[in-house]
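Descriptive structure summary
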Amino acid sequence: PELEREIVQTTAANDPWNLWVFTVGGGGSLDGERRERNRSFDGELEANRTAENLKLNFSVSGEFDRSEDDLSDEGEPPNWFVNTAHNFEANQRAVWSLTDHWSFGLRSSQSSSTFLNQELTIRGGPAIEYSLYPYAESTRRQLKLLYAVETASFNYQDITIFDRLSEVRPGHRLEINLEVQQPWGTVESSLDATQFLHDLAKHRINLSTELDLRIFRGFELSLEASVSRIKDQLFLAQRDLTPEEILIRRRQLGTDYRYETFIRFQYRFGSKLANVVNPRMR
């Protein structure tokens, strides 16, 4: 196996890109009617370099939306309600391989979100991760525990319920991830807990599970569920939201919990020999 890895594995010495992989994407939409107009644009840029001793990741993504709706009654002059929203995020990560079971990393992010009342949020700090099984077995099974310390700087668009337009808060994070791949399918579970150190009551706990089952040949069943306890909404705006802002979900509302469930099945059948590729009129 060691010899096979040496033969198959690409190294920086024989790669003209020096192991860097880049992804660029973007899109947009424009639609309208007599009393409604909408436009949306999004884009992303990602650069990754993965080697045995060091993994680097840099990404930037953003989305802008603008909608215009005429709220007037029929026959009256137009009364346009205009809503603009954006969500921008940049992430940087460097991870060093220490041993077969330990890793050390530095992570940082910058974001801006109309929905979260955040004009600019900057986070960053170190992290340490322990893998119960050797990282070489990650394609078959993983049980990892990560602990991170970070500092977060917030600049808000509107004054928050805590009378803040900006603040800097220290915090920490604990992540536990389990993933097992077997002939019958895959199971993946994660526990993610964060807490602000200036007020230990300000915390968030998220538990999620995904189960992909191969029931029989060609038939797959996927089940997903997650539940969150939310006690860390420092960003909630102090002012009352208008009915229009609530209806279009312009801002995040206060909540103590969130849950999501998802179920999906897929069945593929037919000829096992149909491998003809024909791209006409795709």
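Heads up: these notes are all about the structure in this document. Given the structure is predicted, the values throughout are model-derived calculations rather than measurements.

Observations regarding the nonpolar core
Formed by Ala 152, Phe 154, Tyr 156, Phe 196, Leu 234, Phe 235 and Leu 236, the largest nonpolar core amounts to seven residues. Ranked by residue count, the leading element in this core is strand β7 (residues 141-156), at three residues.

Comments concerning unusual backbone geometry
The phi torsion at Asn 117 lies on the positive side, around 60 degrees, for a residue other than glycine. Positive phi, normally seen in glycine, also occurs at Asp 163, with a value near 60 degrees. Structurally, Asp 163 is set in the loop between β7 and β8 (166-182). For Asp 163, a relative accessible area of 59% puts it in the exposed group.

What to know about the pairing of strand β2 (residues 36-50)
Bridge analysis of strand β1 (residues 20-33) against β2 gives 14 bridges, and the strand direction is antiparallel. Looking at β2, one finds that Val 24 is bridged to Leu 45. Here β1 folds back onto β2, and the loop between the two strands holds two residues. Here β2 pairs with strand β3 (residues 54-70) via 15 bridges, running antiparallel. For Glu 44, the partnering residue across the bridge sits in β3 and is Ser 61. What sits between the antiparallel neighbours β2 and β3 is a turn of three residues.

Reading the values: rules and limits
Residues numbered from 1 in each chain as written. Predicted model: local features only at pLDDT ≥ 70, side-chain atom pairs only at ≥ 80, totals over all residues. Heavy atoms only, no water. Core = buried A, V, L, I, M, F, W, Y, C linked by side-chain atoms within 4.5 Å. Buried < 20%, exposed > 50% of the residue type's maximum accessible area, 1.4 Å probe, protein only. Helix = DSSP H or I, 4+ residues; strand = E, 2+ residues; numbered from the N terminus. Pairing = 2+ DSSP bridges.

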